[in-house]
Amino acid sequence: MTYETTLVIGDSHDEPGRNQDRFTALGNYIVATRPDNIVQIGDWGSYESVSFHNRGRPLLQEGARLADDIASAKEAYHKAFGPVRELQASLVNYKRKRYTPRVFWLEANHEFRIKRYIVENPVLQGMLPEEDLVGARADGAVIVPWKSYCHINGVSFTHVPSARRSSNPIGGEFVTRRAADYHDSSIVFGHTHRFLVHDNARIREGVGHLTHAINVGWFGDFVPEYIESDSNLDWWSGLVTLTHVGHGQVDISTINMDRLKKEYL
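Residues numbered from 1 in each chain as written. Predicted model: local features only at pLDDT ≥ 70, side-chain atom pairs only at ≥ 80, totals over all residues. Heavy atoms only, no water.

On to the pattern of salt bridges, then. The full count for this structure, using the stated rule, is nine salt bridges. Of the charged contacts in the structure, one is a salt bridge between aspartate 139 and arginine 85, with a shortest N-O distance of 2.9 Å. Taken together, the residues span a long stretch of sequence, with aspartate 139 in the loop between helix H4 (109-120) and strand E4 (142-144) and arginine 85 in helix H3 (residues 66-93) at a distance of 54 residues. Beyond isolated ion pairs, a larger network of salt bridges with shared partners links Arg22, Asp221 and Lys261. (Salt bridge = Lys/Arg side-chain N within 4 Å of Asp/Glu carboxyl O. Helix = DSSP H or I, 4+ residues; strand = E, 2+ residues; numbered from the N terminus.)

Following this line, the structure appears as C-alpha cells:
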C-alpha cells in the first residue's frame, strides 16, 4: 500500500545577504523524495525593511530596502522549486508520469508586515505587492492568507493557531497542548521555531479518536540578530514529512538541517 505524504517547510526567514544553500538542498530533497503535498508554513521571508519593531531605530533600518527583501525571497523560491519544474519538464520530455505535487503557500505575520505597512501608508496601495510575494500562484500553488487554514486528509495546517474567541496567536511552553485542546482535528503549525508534538484523545459517538498537534520547527540555519544569546535557544531546524495513515492520522519523520545539507547539496 502506498500512503500519501506531505512535506512541511517551516519558517524560512530568508533575508538579503543570507546564504541560500538550504534552499538548494530543499529543492534537491523535494526531487529525491517527491512528496504528494508540500506545505510552506509561512514566514518564507523576514521582510525586515518594513518591520514595525525597527521603527525609531534608524541604525537598524539603514540600507534596508523592501525591493531587496522581495528579490531575495524570490531567488530562494527559485532555488527551492526550480528543480521541481526541471523534473516535470524532463518527465514530460521522456513521456513518463508527471510529478505534480499540491503546493500550499501559507502567508504569515512576516508577510503581513507589508499589508500593515500599506494600511499605514495608503498612498502606496497598488504600488506594492500585498500577497504571493514570490509568485508561487503562477506555478499552481494555493495561497493561504495569514491566520487561515488549509486541510489535507483530515489534518489542518496554519502558521500559528489562535486562541478561542480571539485572533491572538497562542504560544508558551505548552503551545502544542493548547493547540490540541483548541482543535477537533489534527493541527500542524510553525511560528515558534520549536519541534513539539502533543497527542490528544477525542470521544466521538463513543469511539476514541486521536488527534495530533505538531509544531514543525523552522527552516533556518542562522541565529537572528535580535537573539542576544543562543546558549538556551531551543529551536529545531530541518524538514518534517507526514505520512497520512488514516483520516487525521499521520506518521512523522524529520531530517535535520545539517543532515539535509550534507546529503542534498
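The next subject is the sheet that holds strand E2 (residues 37-40). Spatially, six strands are ordered E4-E3-E2-E1-E10-E11 in an open sheet, and the strand pairing comes out mixed. Either end of the sheet is taken by a strand with one partner, and the two such strands are E4 and strand E11 (249-256). Across this sheet, the average inter-strand angle for adjacent strands is 20°, counted without regard to direction. Strand direction decides the pairing type here: strand E10 (residues 238-246) and E11, joined by eight bridges, are antiparallel. The residue of E11 that forms the bridge with valine 240 is threonine 254. Sitting on the sheet, helix H6 (residues 257-264) is in contact with E10 and E11, with an inclination near 70° to E11. (Pairing = 2+ DSSP bridges. Axes fitted to C-alpha atoms, helices over the stretch in contact; angles between N-to-C directions. Contact = heavy atoms within 4.5 Å.)

Turning our eyes to something else, we now look at the pairing of E2. Within a regular strand, side chains alternate between the sheet's two faces. Side chains Asn37 and Val39 of E2 all project onto a buried face; the interleaved residues Ile38 and Gln40 project onto the opposite face, where all are buried too. Here strand E1 (residues 5-9) pairs with E2 via four bridges, running parallel. Along E2, the bridge assignment pairs threonine 6 with asparagine 37. Bridge count for E2 against strand E3 (residues 102-106) is four bridges, and the pairing is parallel. Looking at E3, one finds that glutamine 40 is bridged to tryptophan 105. (Buried < 20%, exposed > 50% of the residue type's maximum accessible area, 1.4 Å probe, protein only.)

On the surface, a cluster of nonpolar side chains totalling about 370 Å² of accessible area is made up of Met1, Tyr3 and Val245. Secondary-structure assignment places valine 245 in strand E10. (Patch = residues over 30% accessible without salt bridge, like charges linked within 9 Å, V, L, I, M, F, W, Y side chains within 5 Å. Areas by Shrake-Rupley, 256 points an atom, 1.4 Å probe, with all protein chains shown as cover.)

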